[in-house]
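Architecture and fold: a report
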Amino acid sequence: MIPVNGDQQPDQQSHSQHLPHTFADEEPNRQARRPWFKRPSIAWILCTKMLLSLSLGIGSGPRLEIFTEIICRGYYHDQQGPNDFLSSPSGSITTASALHNSPLFLVQATGYAANSLGRCTGDPLVQAQVAKVGSMFTIIGGILTFFTVGWWGGYMDRYGRTRILVLNIFAVILNDLLTMLVFFFPNKVPGGYWILVINPLVQGILGTPPTLGAAETAYMRDVSEPHELSRNFSFLVSIFPIGGVIGPIIGSFLTERTGTVITVLYTTTIMHFIYASITWFLMPESVSEASMIHARNRYTSKLASAADADASPFRQRLLVLAKAFWDSFPLRVLTPKRLPNSRRKRDYDLTLLALSAGVVNMIMASGGDVFQYGLYTFQWSSVELGYFISASGLSAAIFLTVILPVVVSVLKRAPSNLRHADSARRDAVFDLNLLRVSSLTIAAGYALMAFAPTGFIFTLCYMITTFGQGFIPALQSITLNLYASASGQDNAGRLLSALDLCYGLGARLFGPLVFGAVFANTVSFFPTAIFWTAVGCASTIFLLLAFIRLPNLSCPRDAEGRNTHVLRGDGDDVNPEIEPLLDHE
């Protein structure tokens, strides 16, 4: 860790302690000399996040339709040939007259009728093939992501956040271009729609989307003051529901105006190119060059220490690769750490927080089953379901952008004369209490949903659960505080990548498995079982948080007020009290 001068101002000293080696560590005069558009700030990451969230919301429905039509074309081409497929009954949102008058002439040049979606969506054989191919792609991408996300988390500490953003958005652009290629020229592409397997392979190798989310969170962390982390993370999390509300409206408008869903794919691809241009050419890096050089030197020295001078060159390469793999294993950073000179032999705080992150995302993954409950119990149509989704998204957006930031600003504002140790612990205590309140709010909302007699009251009760979405911002804030205090390192990229992996495991694997199985097996005689399962998960989170014991978050200082934990580039000068905590590094 870089030593801090004793004559530094208290607020600057606290910030530099919390964010070593980031933009905050540069000389204040150097920062002031930069034009405003060349300084890292939360505005950069919020604008790019909004652009990406809007593109996701705009293309969520149409992309599924395009994917279904691509699979349908390939399936019937293999079974019947293109002529039989052309004579299939119509019923798509893309009409023949709209196609004839559309400037999208390439659609006509494909040799397929674009009004085939009605047949595709109503064909169980096609739907089974769509589910099969989609699941296969998801599994391929998920497995690769699990093994690569940790390495990319360390990479963003060594080479910066913006490089990760650029790499990941190019993986998304590749997905767009390949989809258009197969849509327009299905007979000329080798392998047909199976060439789309390149998308999950590339995204899995790059760790997309967990690595992208970790880079965005790390950038926000780099440019935020310690007491502003919860509030700023709340702004970042709120972007997704805002895009989820506005995006589908724009997508539906584009589809209705042009008569074809391919226009939506054009629009989102252009938005992705704009995102890539901003992050590549305009967006300033939030990590200082000195920090990246320091991280690269540490990484190189660790790999060099794994080599055996007496081993053959081939064996040396294997040892270095094994060390690199083990060092970048994503969940390793969240394992319990040994505690010297303490009644507790190990520190389980980060492990408990990671488990809580996984469980809360399991609850969030129950949204599809909640929608099914509304359709089944209250006989909702797609219109009522749309109102329900819009109301819940709007509630979450208002809470995360207005209510929670105001609460954090009022209650988390520390006195200016507060010591760094007291300020850091005060922030951690606030975040932990926010986690506990959020878990209880989620439990209360789902319990009330089980007793809701009408669809309107059911919607109001579900809106209560959105007031527990302060859980993720508080979790990220306290986790970063605890990790920086325990390890004396600034490997925020690895930590946030591991957390994003926990989110994915809960939301994409265990959540759908648990809630899907519960609803499928109880819907006929006890349909509210999914809500009580959610209550049980939220109660489990509260119990996990009860076992967290916040340590002393201060760093030892000498008589002149400087850090006694000074970590040089070679990593040898480490305080003996924290050396055992660095084993996982």
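Further up the page is the structure itself.
Residues numbered from 1 in each chain as written. Predicted model: local features only at pLDDT ≥ 70, side-chain atom pairs only at ≥ 80, totals over all residues. Heavy atoms only, no water.

What follows deals with the overall build of the protein. Each helix and strand in the protein was counted, giving 22 helices and two strands. The buried share of the protein, reckoned over its 585 residues, is 52%. Accessible surface, the protein as shown: approximately 26,300 Å² in total, 64% of it carbon and sulfur. (Helix = DSSP H or I, 4+ residues; strand = E, 2+ residues; numbered from the N terminus. Buried < 20%, exposed > 50% of the residue type's maximum accessible area, 1.4 Å probe, protein only. Areas by Shrake-Rupley, 256 points an atom, 1.4 Å probe, with all protein chains shown as cover.)

Glancing now at the pattern of salt bridges. Tallying each qualifying case throughout the model produces eight salt bridges. Two residues, D157 and R161, come together in a salt bridge whose shortest N-O distance is 2.8 Å. Grouping residues by exposure puts D157 and R161 together as buried. In this structure, the salt-bridge partner of E228 is R231, at a minimum N-O distance of 3.7 Å. Note on R231: relative accessible area 22%, which makes it partly exposed. Three or more residues joined by partner-sharing salt bridges are found here, namely D157, R161, R221 and D222. (Salt bridge = Lys/Arg side-chain N within 4 Å of Asp/Glu carboxyl O.)

With that settled, the discussion passes to a nonpolar patch on the surface. Residues L394, I398, V402, I403, V406, V407, V410, L411 and F467 make up a contiguous nonpolar surface patch of roughly 740 Å² in combined accessible area. Within the fold, V406 resides in helix 17 (residues 382-411). (Patch = residues over 30% accessible without salt bridge, like charges linked within 9 Å, V, L, I, M, F, W, Y side chains within 5 Å.)

Working definition: an aromatic ring pair is given by the centre-to-centre distance plus the angle between the planes. Tallying each qualifying case throughout the model produces 28 aromatic pairs. Each ring, one from W380 and one from F388, has its centre 5.2 Å from the other, and the planes form 45°; the classification is tilted. As far as the burial class goes, W380 and F388 line up, both buried. Above the face of the Y299 ring, R158 is positioned so that its terminal group lies 3.7 Å from the ring centre. (Phe/Tyr/Trp six-rings, centres within 6.5 Å; stacked < 30°, edge-to-face > 60°. Lys NZ or Arg CZ within 6 Å of the ring centre and 35° of its normal.)

Take T179: it is sitting in helix 8 (residues 161-184). In this structure, T179 is in contact with I66, I70, L196, N199 and L265, ignoring residues within four places of it in sequence. (Contact = heavy atoms within 4.5 Å.)

Below, the discussion takes up the nonpolar core. One finds L435, Y446, F458 and F531 to be the most contacted residues of the largest nonpolar core, which totals 98 residues. By residue number, the principal contributor to this core is helix 18 (residues 420-450), which donates eleven residues. The next biggest cluster of nonpolar side chains, apart from the first, holds 24 residues, and it includes Y76, F137, V182 and F184. (Core = buried A, V, L, I, M, F, W, Y, C linked by side-chain atoms within 4.5 Å.)

Quick look at unusual backbone geometry now. The step from T208 to P209 runs through a cis peptide bond, and the omega angle for that step is 5°. Summarising the element assignment, P209 is placed in the loop between helix 9 (198-206) and helix 10 (210-222). Its identity as a non-glycine residue notwithstanding, Q379 has a phi of 55°, on the positive side. Tracing the backbone shows Q379 in the loop between helix 16 (367-377) and helix 17. For Q379, a relative accessible area of 63% translates into the label exposed.

With that settled, the discussion passes to helix 8. Helix length check: helix 8, at 24 residues, gives a terminal C-alpha distance of 35 Å against a target of 34 Å (1.5 Å per residue), a fit within 8%. The buried fraction of helix 8 amounts to 17 of the 24 residues, a majority that puts the element mostly inside the structure. (Expected span 1.5 Å × (residues − 1).)

This next bit is on helix 10. In an α-helix there are 3.6 residues to a turn, and that puts residues three or four apart on one side. Spanning 13 residues, helix 10 covers 18 Å between terminal C-alpha atoms, matching the ideal 18 Å at 1.5 Å per step. The element helix 10 is extensively covered by neighbouring structure, given that 13 of its 13 residues are classed as buried.

Our focus in this paragraph is the packing of helix 7 (residues 124-159) against helix 21 (residues 492-522). Closest axis-to-axis distance for the helix 7/helix 21 pair is 6 Å, and the angle between their directions is 150°. What the angle tells us is that helix 7 and helix 21 run roughly antiparallel. Regarding helix 7 and helix 21, the two cross each other, and that crossing is right-handed. When helix 7 is examined against helix 21, the residues F146, V149, G150, G153, G154, M156 and D157 are found in contact with a partner set consisting of A492, G493, R494, S497 and L501. When grouped by side-chain class, the residues that make up the contact of helix 7 with helix 21 number five nonpolar, five polar and two charged. (Axes fitted to C-alpha atoms, helices over the stretch in contact; angles between N-to-C directions. Parallel < 35°, antiparallel > 145°, perpendicular 65-115°, else oblique. Left-handed = near helix turned anticlockwise from the far one by under 90°. Nonpolar A, V, L, I, M, F, W, Y, C, P; charged D, E, K, R; others polar.)

Axis angle and axis distance: for two packed helices, these are the angle between their axes and the distance between the axes, and together they describe the pair. Packing of helix 7 against helix 10 leaves a shortest axis separation of 9 Å and a crossing angle of 25°. Taken together, the axes of helix 7 and helix 10 lie roughly parallel to each other. Seen along the crossing, helix 7 lies across helix 10 with a hand that is right-handed. Between helix 7, through T145, V149, W152 and M156, and helix 10, the contact on the second element is made entirely by P210, T211, A214, A215 and A218. Residues that form the contact of helix 7 with helix 10 fall into these classes: seven nonpolar, two polar and no charged.

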